[in-house]
Amino acid sequence: MVVDDDPAICALLKRSLVNNKWEVNVFNSPQEALEYGKNNRIDLMITDISMPQLTGTELISKIKASKPDMPIIVISSSINDDVIEKTAKHGLIDYFRKPFDLISLKNRVIAKLSLISK
């Protein structure tokens, strides 16, 4: 699942990750992503931090309440110590600063998903 209020980022990540034959659901609204997550399996979430209505930090907290083992990758231009501190309490989270290297991000997704399938 990809959550970012920037439709271009969502489209880029979906196009890139679908090439690996993964099902990729994208949401420009964190609230829609949260609703989807209540009733659907999510193997991994990639999320921005700075979004309207519900921040990525709040989304992570709510998603982790029902899916504590789900890996999360944060992509944001506003990664700082405060963000890391607030999100780290929910487990190991990977961070990529925008603009990010797409190949590195895909490699991290592969590594995270390979841990799930073991």
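**A word on the sheet that holds strand β2 (residues 26–27)**
For step 1, the next point in the chain: Pairing is parallel across the open sheet formed by 5 strands, whose spatial order is β2-β1-β3-β4-β5. The open sheet terminates on both sides in strands that have one partner only, identified here as β2 and β5 (93–97).
For step 2, the next point in the chain: Across 2 bridges, the pairing between strand β1 (residues 2–3) and β2 is parallel. By the bridge assignment for β2, Val2 is matched with Val26.

**Observations regarding helix α1 (residues 7–18)**
For step 1, the next point in the chain: Taking 1.5 Å per residue as the helical rise, α1 with its 12 residues ought to reach 16 Å, and the 16 Å between its terminal C-alpha atoms agrees with that figure.
For step 2, the next point in the chain: Regarding α1, the residues found buried are Ile9, Cys10, Leu13, Ser16 and Leu17. Angularly, the buried residues of α1 cover 140 degrees about the axis, an arc narrow enough to put them on a single face. Opposite its buried face, α1 presents the exposed residues Ala8 and Arg15, each directed more than 90 degrees away.
For step 3, the next point in the chain: Considering only its buried residues, α1 is in contact with β1, β2, β3 (45–47), β4 (72–76) and α5 (102–116).
For step 4, the next point in the chain: Between the side-chain oxygen at the start of α1 and the backbone nitrogen of Ala8 there is a gap of 2.9 Å, and the oxygen is on Asp6.

Cut-offs used in this document
Residues numbered from 1 in each chain as written. Predicted model: local features only at pLDDT ≥ 70, side-chain atom pairs only at ≥ 80, totals over all residues. Heavy atoms only, no water. Pairing = 2+ DSSP bridges. Helix = DSSP H or I, 4+ residues; strand = E, 2+ residues; numbered from the N terminus. Expected span 1.5 Å × (residues − 1). Buried < 20%, exposed > 50% of the residue type's maximum accessible area, 1.4 Å probe, protein only. Arc of directions from axis to C-beta. Contact = heavy atoms within 4.5 Å. Polar contact = N/O pair within 3.5 Å; in protein donor to acceptor, adjacent residues only side chain to side chain.

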